[in-house]
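Chains, contacts and geometry: an overview
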Amino acid sequence: MPNLLDYSYPQLQQWVEEQGWKPFRARQIWQWIWRKGCDNFSRMSDLNKRIRTRLQESFRLEHPELREIRHSEDGTIKFLLRVGGDDLIETVLIPEEDHYTQCLSSQVGCPLGCTFCSTGRMGFTRNLSSGEILGQVLAARGYLARSEAPLPLRNLVFMGMGEPLLNWPQVRKALQVIRDQQGLDFSYRRTTLSTVGVPGPLRRFAHSGQGSLAVSLHAPNQELRARLMPKAASLVSLPQLIRILEELPLRPRQRITLEYALIGGVNDDLKHAGQLNKIISSLRCKVNLIAFNPDQELPYRAPSMERVLQFEEFLRKKDKSVFLRKSKGLDIEAACGQLRNKALSKGP
Ligand code: SF4
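Quantities reported herein were computed from a predicted structural model and do not represent experimental measurements.

**Some words on the pattern of salt bridges**
As enumerated under the stated definition, the model contains 14 salt bridges in all. Where arginine 43 meets aspartate 39, a salt bridge forms, and the shortest distance between an N and an O atom there is 2.8 Å.

Here is the structure:
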């Protein structure tokens, strides 16, 4: 039996039409699912019993199951969710000044295996369906409502487990519900997709206007990128990636975000800052620097604060728009993949 969370609005409209019901029924059901976060057909009180019974006979309405919630001292909230029976995924709520940003997973594990990433270490199990991606938002929104949290959820970033552009058909379908005013209703400015750069889907996403783009560079030259992110670097070389980014359509004040994790002794000296400045000089972009958050399972260390500040200062002096991002939720293993790895090593 299909999960109704996996249906697009046109699919639901067609199904409603096949039942011989009035078209407005599709809108009613859609709003119960996405605006009200309802997970039980019997609670859809403005639908008559015959319609509710038919829905029950035809669909599941399955939200992810909350397996564990962790709260960090800095306000970060991490959820471990079970989807599709046995698969565990993570999603994180990051507190900002006046809202939460939610970090979404798009795959169970990740096939790219970047050498500095906990998710990469766990390998790849499968792609998430659009309903499983969107279910993460419903789970977090429901939790915030129940706990009367002080901040609203306003921003979404595809920056959790997995490479979203390797699951583009399901991510695209999820983005349509995210943007739909009768659906989850997030504007494109409040939705960001972070990718290592998968050329075909990258162009399709940029042309779709469905959200802002963040690109994980993490290295200023192809050789170092191939060491840190071997599979990502083999999908497209760094010079080719920059050329693709140069040609993407941007709205008037839109900029591409470039993510660069500073790893101690690996990519954090001024030589690297100089190379980075050079390769991005043709892009309308801003640079997010983030100090690597060490994990005992990974062979890297954090950069010194002195190196981080020098790197930032160098780019700033070259008139780059640069931001130093803080790692949040360090006390609850909020980096992507850490909590799931721990849960798996403990067993169910
Ligand atoms: S950094 Fe992103 S693309 Fe690389 S292994 Fe981790 S989740 Fe996958």
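**A short note on the sheet that holds strand 10 (residues 256-262)**
In spatial order, the strands read 1-2-3-4-7-8-9-10-11-12; together these 10 strands make up an open sheet with mixed pairing. Sheet topology places strand 1 (65-71) and strand 12 (322-325) at the edges, where each strand pairs with a single neighbour. With strand direction ignored, the average angle separating the axes of adjacent strands in the sheet is 25 degrees. Here 5 bridges tie strand 4 (residues 100-104) to strand 7 (residues 153-158), and the two strands are oriented parallel to one another. What sits directly across from tyrosine 100, in strand 7, is leucine 153. On the sheet, helix 6 (residues 168-179) packs against strand 7 and strand 8 (191-195) and is oriented at approximately 165 degrees with respect to strand 7.

**Concerning unusual backbone geometry**
In the Ramachandran plot, aspartate 185 falls in the positive-phi region, its phi being about 60 degrees despite a non-glycine side chain. Relative to the assigned elements, aspartate 185 resides in the loop between helix 6 and strand 8. Even without being glycine, histidine 218 reaches a positive phi, approximately 65 degrees. Mapping histidine 218 onto the fold places it in the loop between strand 9 (212-216) and helix 8 (222-228).

**Regarding the nonpolar core**
One finds Leu4, Leu55 and Leu245 to be the most contacted residues of the largest nonpolar core, which totals 85 residues. Each residue touching leucine 4, except ones within four places of it in the same chain, is listed here: Leu12, Ile29, Ile33, Phe41, Leu55, Phe59, Arg60 and Leu61. Formed by 16 residues, the second largest nonpolar core is a distinct cluster that contains Cys114, Val196, Met229 and Val266.

**A closer look at the environment of isoleucine 77**
Along the chain, isoleucine 77 falls in strand 2 (residues 77-83). Using a relative accessible area of 4% as the deciding quantity, one classes isoleucine 77 as buried. Taking the C-alpha atoms as reference points, isoleucine 77 and valine 92, separated by 15 residues in sequence, lie 5.7 Å from one another. In this structure isoleucine 77 touches Ile69, Arg70, His71, Thr91, Val92, Leu93, Tyr100, Tyr143 and Leu144, once residues within four positions along its chain are discounted.

**Examining the domain arrangement of the protein**
By the assigned domains, the protein splits into domain 1 (4-58) and domain 2 (65-346). Summarising the inter-unit geometry, the C-alpha centres of domain 1 and domain 2 are found 34 Å apart. The interface of domain 1 with domain 2 comprises 13 residues on the first partner and 16 residues on the second. Across the interface of domain 1 and domain 2, roughly 1100 Å² is buried in total on both sides, 51% from carbon and sulfur atoms. Its largest share of buried area at the contact with domain 2, domain 1 owes to Asp6, Trp34 and Arg35, together 55% of the area lost on that side. The interface formed by domain 1 and domain 2 contains 0 salt bridges.

**Notes on the packing of aromatic side chains**
For the structure shown, the criterion picks out 9 aromatic pairs. Considering the side-chain rings of tryptophan 15 and phenylalanine 59, the 4.9 Å spacing of their centres and the 65 degrees angle between planes classify their relative orientation as edge-to-face. Here tryptophan 15, found in helix 1 (residues 9-18), pairs with phenylalanine 59, found in the loop between helix 3 (49-58) and strand 1; they are 44 residues apart in sequence, far enough to count as distant. The same class applies to tryptophan 15 as to phenylalanine 59, namely buried. When the centroid spacing of 6.1 Å and the interplanar angle of 85 degrees are considered together, the rings of phenylalanine 292 and tyrosine 300 count as edge-to-face. A residue is classified by how much of its surface remains accessible, and phenylalanine 292, at 7% relative accessible area, is buried.

The rules behind the values
Residues numbered from 1 in each chain as written. Predicted model: local features only at pLDDT ≥ 70, side-chain atom pairs only at ≥ 80, totals over all residues. Heavy atoms only, no water. Salt bridge = Lys/Arg side-chain N within 4 Å of Asp/Glu carboxyl O. Pairing = 2+ DSSP bridges. Helix = DSSP H or I, 4+ residues; strand = E, 2+ residues; numbered from the N terminus. Axes fitted to C-alpha atoms, helices over the stretch in contact; angles between N-to-C directions. Contact = heavy atoms within 4.5 Å. Core = buried A, V, L, I, M, F, W, Y, C linked by side-chain atoms within 4.5 Å. Buried < 20%, exposed > 50% of the residue type's maximum accessible area, 1.4 Å probe, protein only. Domains from an automatic or database assignment. Buried area = accessible area lost by both parts, 1.4 Å probe. Phe/Tyr/Trp six-rings, centres within 6.5 Å; stacked < 30°, edge-to-face > 60°.

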